Amino acid sequence: MIDLTVNARPVQIDASEDTALLWVLREHLGLTGTKFGCGAGMCGACTVHVDGIPTFACLTAVGDVAGAAVTTIEGLGAGQGAGQGEEPEGEADHPLKRAWVAEQVPQCGYCQSGQIMRAAALLEENPDPSRQEILESMSTNLCRCGTYNRIVKAVQRAAREA
Amino acid sequence: MRRNNNTETVSATPALSRRGFLAGTAALTFAIGSGGLVAVARATAAAADKTLKPNAWLTIAGDETVTIVFPSTEMGQGSSTALPLILAEELDADWDRVVIDQLDRDDRNFGNPIFGGVLYTAGSTGVYGYFDTLRKAGAQARRLLMQIAADAWSVPLDSVATEPGAVIHSASGRRLSYGEIAALNAPLPAVAEIGEEDLKPRSAYRLIGQDLPRRDVPAKSNGSERYAIDVWVPGMAYAAVLRSPVEGETAVEVDDAAALAVSGVLQTVRLPDGIAVVAERLEAALAAKALLEVTWSETAAARSYDSAADLSGYAAAAADSAREGVTWAAKGDAPAAIAGAARVVEADYRSDYAYHAQMEPMAAVAAVDPDGRGAEVWVGTQTQSWTMRTITEVLDTTADRIRLHMMTMGGSFGRRTALTQEYLRDALLTSKAVGRPVKVVWTREDDVKFGWFRPATAQRLRAGLTAEGRLSGWHHRVATPSVIAYFNPLRWDQVEPKDIISMRGSENKFYGIADLHAEHVVTERHARLAPWRAIGASYTSFAAEAFMDELAEAAGSDPLDFRLGLLDDNPRGRELLQRVAGMAGWGRAPGETALGLAFAGYGDSMAAGIAEVSLDRDSGRLAVTRFWAAVDAGLIVAPDNALAQIEGGIVFGLSSALKERITVEGGEVVQSNYYDYEILRADEVPEIDIQLQVSDGPPTGIGEVGTPMVAAAVANAFHALTGRRLRHLPFTPERVLEALA
């Protein structure tokens, strides 16, 4: 059994230590907002925060994050909204989630959880990033629908409105 | 932490939820055919389910909920909002009370007229194909509600009107909401025939042309949208499939002892072209797959497939004038016009295989019934029709035994269009074998190695110029296989030998070219092939529009002026070119950057684009720093989404132009993942300015129009910058350096 904290809740995982955190989140815990894209750290669709650091869940062994605090898209913003962490899964509120809706960013939507998690880490570090800083920081995350320019707008909006 | 139960999983998304009715709640259900409304019935929900429900496009419930069936499938293009919105517009529905219901059956009553009623979401045809049907049906339903209300009030029909969600009688101040009308116990009038003149004038639209938010965006902005790969059902096992590395080879010997020894592995299952490992957990299935020891046969013809040799062969075929092609488009007498010209210009172009690279790898969940002849299935594809056909063929059964859930797709771009869907087949066969629900998940490596690609092409363009530098005859030969013959043999039976997937764009119909011949030199298929965003136009328009610049240069004309000279009969096209020229400041002298122009489109939608490029001459790295586009796609139903789609199409085109290339050696795809099949990243994307030129015409599609112009605009900008030509797509640094040498 591996103990870790996922979206502020302690969980015990019955998996071998080398199991990818991605499969633990998606298939053991049902947190499917975190996506499988490449399994190679090339697309960023699986981006989560481990102790606040943006991390590719596909390349992270669950054993390596024992005791750590993992935040997924479902938990991003939990405790910040009116529900104080009691929101149903996926409904925790966050300025980036609102900005993504306001700018109508997603098309297929598959990469967007990872994009938002990456953007959240960027804004933690740099609350007012320039277009160029956003593009460089977000270049770890692929979007095949080509929403990159809207992502820039949404990150800037979230920075303004946070 | 709560695991999602079955019910939550199947109820998909808030945007496309299946809304149940309260028992006893009154409802009006409307059946629609391609010609509009065909029937109406009043029923409680339970009765509606048994009678009209199989055919009910539209249901108006006593609680004011208006449920509209979405007959296409959603892969990111936004038609799950746009199509219901068209019906709601003419119905004068209260958009806030509209619920959208995904069509989960192969019910050809809902089929796209463009595809002869087949349920098929492709080719930018959703809004275009359903526009008349949905408007007419919405207007007829509205008329019927007005008639019921007028009868109830004993007033003439022409004295009542509607406001969103209600019929009103101004003279008496009476009002009946649509829900109240649905609940009235009154006889139902006959469905009225209506004509175009009974539909709303565009000036009266209050939904179409507005920037209403897409219904699917909130769930896609917080991780709660569910795709096929996210489905979980009780008792579900996981399967990973080891496929034959070369098409046509089979497993001669399988040693699965090591795989079966992995904790949690249940069994292996032989598939027609591979071996599935089924396990309690996905990680176990994937680990065990890597431990399978398989000896494959070595007899398949595909072992000789080699993309470099194939492309040389295509080029020889394109150049060999003795080799006849299938005429795709012909006007006037191109050979005579070229023969009589003062000068003849000729150039050869090539393009490599391209992969869809949609972000969600292939995945499907199947729960086959104990008798093996029925199933519940969760899958995302671009076609209910061919998905249902795949299921019924694999299980040798009939559609009534199948409970299908069409899931939102994590991109598709043509990938999930084929007549036979092998990822779904594998889920069905493995579920049947193990007697449990099974989720098949492809890895990215599977998705690349077993992709169905845009075909490689070699193209020869030949045209004449008069002594005055006017175009005189146009001949476009495209040497490439038939895509349709492979990805949908049933469709090929109907359209052979004309292959729109392979050839689209080469008809070059936006210009006034009096003498034109476009022909398909059909070559052997040496890879799995499928439609790919913008289909043939993604490479034929590259060649045609790069060649147009070569002709302009030969004629001593500016590329813009030369094109305008061919647009006397296309004022909308002229305006697009002039508009984009203004946007980009066309005519400025090249410096560190240079501009390139192209004019192309998709179907009846036209686009003019200008790329600004810069070049690192040492590395050969070409960067696109700005892109401007002016687009005419007729009526625009959802302008903000149209801009998003066109921008996405441009980014797709840039990615293809600069980077994307699949190669095949010894019958095996060389690339594996995003590290050797790179697509455009955020730091490579230019600022993109798009203007929509909204015209009076019908909607003509926005999903693909952004793509075809892009590669030529980049190649033409490269020429403006360097004086050299790029004639082989993609423009990799090696090819750029070669062009500069």
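Owing to the predicted nature of the structure, the values given are computational and were not obtained by experimental measurement.

Rules used in this analysis
Residue indices follow the written sequence of each chain, beginning from 1 at its first position. Here the convention is simple: chains get letters from A, ligands get numbers from 1, in the order in which they are written. Local features in this predicted model are restricted to residues of pLDDT 70 or higher, and side-chain atom pairs are both shown and tallied only at a pLDDT of 80 or more, whereas totals for entire chains, interfaces and linings draw on every residue. Hydrogens and water are ignored here; the side-chain numbers use all heavy atoms of the structure. How far each domain reaches was decided by an automatic or database domain assignment. Here, residues are in contact when the closest pair of their heavy atoms is within 4.5 Å. In this description, buried area is defined as the sum, over both parts, of the accessible area (probe of 1.4 Å) that is lost when the two are combined. Contacts described as polar in this section are N or O atom pairs within 3.5 Å, which, within protein, must combine one atom able to donate a hydrogen with one able to accept it, while residues neighboring in sequence count only if both atoms come from side chains. Secondary structure elements follow DSSP: runs of H or I no shorter than four residues count as helices, runs of E no shorter than two count as strands, and numbering proceeds from the N terminus. We call Asp, Glu, Lys and Arg charged. Ala, Val, Leu, Ile, Met, Phe, Trp, Tyr, Cys and Pro are nonpolar, and the rest, Gly among them, are polar. When DSSP locates at least two bridges between a pair of strands, those strands are taken to pair. Under this scheme, a helix contributes an axis fitted over its contacting stretch, all axes are lines through C-alpha atoms, and angles between N-to-C directions fall in the 0 to 180 degree range. Each residue is assigned to one of three classes by its accessible area relative to the maximum for its type, calculated with a 1.4 Å probe on protein chains only: buried under 20%, partly exposed between the two thresholds, exposed over 50%. Method remark: on a 1 Å grid restricted to protein atoms, a set of points is classed as a cavity if a 1.4 Å probe fits but cannot get out and as a pocket if it is open with protein on both sides within 12 Å along at least five of seven lines; lining residues have an atom within 4 Å of a point. Grid points are joined across faces, edges and corners, and a volume is the space filled by probe spheres set on the points. Whenever a carboxyl oxygen of Asp or Glu lies within 4 Å of a side-chain nitrogen of Lys or Arg, that contact is scored as a salt bridge.

## Brief notes about the domain arrangement of chain A
Residue and element names in this part refer to chain A. Assigned domains of chain A: these are domain 1 (2-71) and domain 2 (95-161). Just the C-alpha atoms count here: the centres of domain 1 and domain 2 sit 21 Å apart. Contact residues are listed per partner, giving 13 residues for domain 1 and 10 residues for domain 2. Counting the surface lost from both domain 1 and domain 2, the interface buries some 1000 Å², and carbon and sulfur atoms represent 58% of this. Summed over the shared surface of domain 1 and domain 2, the number is five residue pairs in polar contact (both at pLDDT 80 or more). For the side of domain 1 that touches domain 2, the element with the highest residue contribution is strand β3 (residues 47-50), accounting for three residues. A breakdown of the residues in the side of domain 1 that touches domain 2 according to their chemical character gives seven nonpolar, five polar and one charged.

## Regarding the sheet that holds β3(A)
Residue and element names in this part refer to chain A. Taken in spatial order, the five strands of this open sheet run β2-β1-β5-β3-β4, and their pairing is mixed. At either margin of the open sheet sits one strand with a lone partner, and together these are β2 (9-13) and β4 (53-56). If you compare each strand with its neighbour and ignore which way they point, the axes differ by 40° on average. Sheet topology places β3 next to β4; four bridges connect them, and they run antiparallel. When the sheet's bridge partners are listed, Val 48 is paired in β4 with Thr 55. Helix-sheet contacts for helix α1 (residues 21-28) involve β1 (2-6), β2, β3 and β5 (69-71), and the interaxial angle to β3 is about 105°. Here helix α3 (residues 112-125) sits on the sheet in contact with β3, β4 and β5, set at roughly 40° to β3.

## So, unusual backbone geometry
Cis peptide bonds are those with omega within 30 degrees of zero, and the linkage from Glu496(B) to Pro497(B) qualifies with 5°. With an omega dihedral of 0°, the bond running from Leu729(B) to Pro730(B) counts as a cis peptide bond. Topologically, Pro730(B) is positioned in the loop between β29 (728-729) and α22 (733-740). Even without being a glycine, Asn7(A) presents a positive backbone phi close to 50°. Among the residues examined, Asn7(A) registers a relative accessible area of 15% and is labelled buried. Even without a glycine there, the phi angle at Ser124(B) is positive, about 55°. Relative to the helices and strands, Ser124(B) resides in the loop between β5 (98-102) and α4 (126-153).

## Quick word on the environment of Trp328(B)
Residues and elements named next belong to chain B. Along the chain, the position of Trp 328 falls in strand β14 (residues 326-331). Along the backbone, Trp 328 and Asp 211 are 117 residues apart, and their C-alpha atoms lie at a distance of 39 Å. Non-local contacts of Trp 328, meaning those with residues more than four positions away in its chain, are made with Lys 498, Asp 499, Ile 500, Met 503, Arg 504, Ser 506, Glu 507, Ala 518 and Glu 519.

## A closer look at empty space enclosed by the protein
All names here are of chain B. Going through the model one piece at a time under the given rule, you end up with 13 cavities of 30 Å³ or more. Along the wall of the largest cavity there are 15 residues; nearest its centre are Gly 505, Asn 508, Phe 510, Ser 541 and Gly 601. Taken together, the elements giving at least two residues each to the lining of the largest cavity come down to α17 (537-555) and β23 (593-602). Class assignment for the residues of the lining of the largest cavity results in six nonpolar, five polar and four charged.

## Topic: the pattern of salt bridges
For the structure on display, the rule yields 55 salt bridges over all chains. We note a salt bridge from Glu660(B) to Arg144(A), for which the minimum N-O separation is 2.6 Å. You can see Glu660(B) sitting in the loop between α20 (639-658) and β26 (664-665) and its partner Arg144(A) sitting in the loop between α4 (131-137) and α5 (148-161), one on each of two chains. Here Glu660(B) falls in the buried class, since its relative accessible area comes to 0%. Classification of Arg144(A) by relative accessible area gives buried; the value is 3%. For the salt bridge of Arg621(B) with Glu684(B), the shortest nitrogen-to-oxygen distance reads 3.8 Å. Of this pair, Arg621(B) sits in strand β25 (residues 621-632) while Glu684(B) sits in the loop between β27 (668-669) and β28 (687-692), and the two are 63 residues apart along the sequence. Put simply, Arg26(A), Glu27(A), Lys35(A), Asp230(B) and Lys439(B) are held in one network by salt bridges that share partners.

## What to know about the interface of chain B and chain A
The interface of chain B with chain A comprises 67 residues on the first partner and 52 residues on the second. Carbon and sulfur atoms make up 55% of the area that chain B and chain A hide from each other, which totals about 4800 Å². If you look at where chain B meets chain A, you find six salt bridges. Of the charged contacts, one joins Asp230(B) and Arg26(A) as a salt bridge, the two residues approaching to 2.8 Å between their closest N and O atoms.

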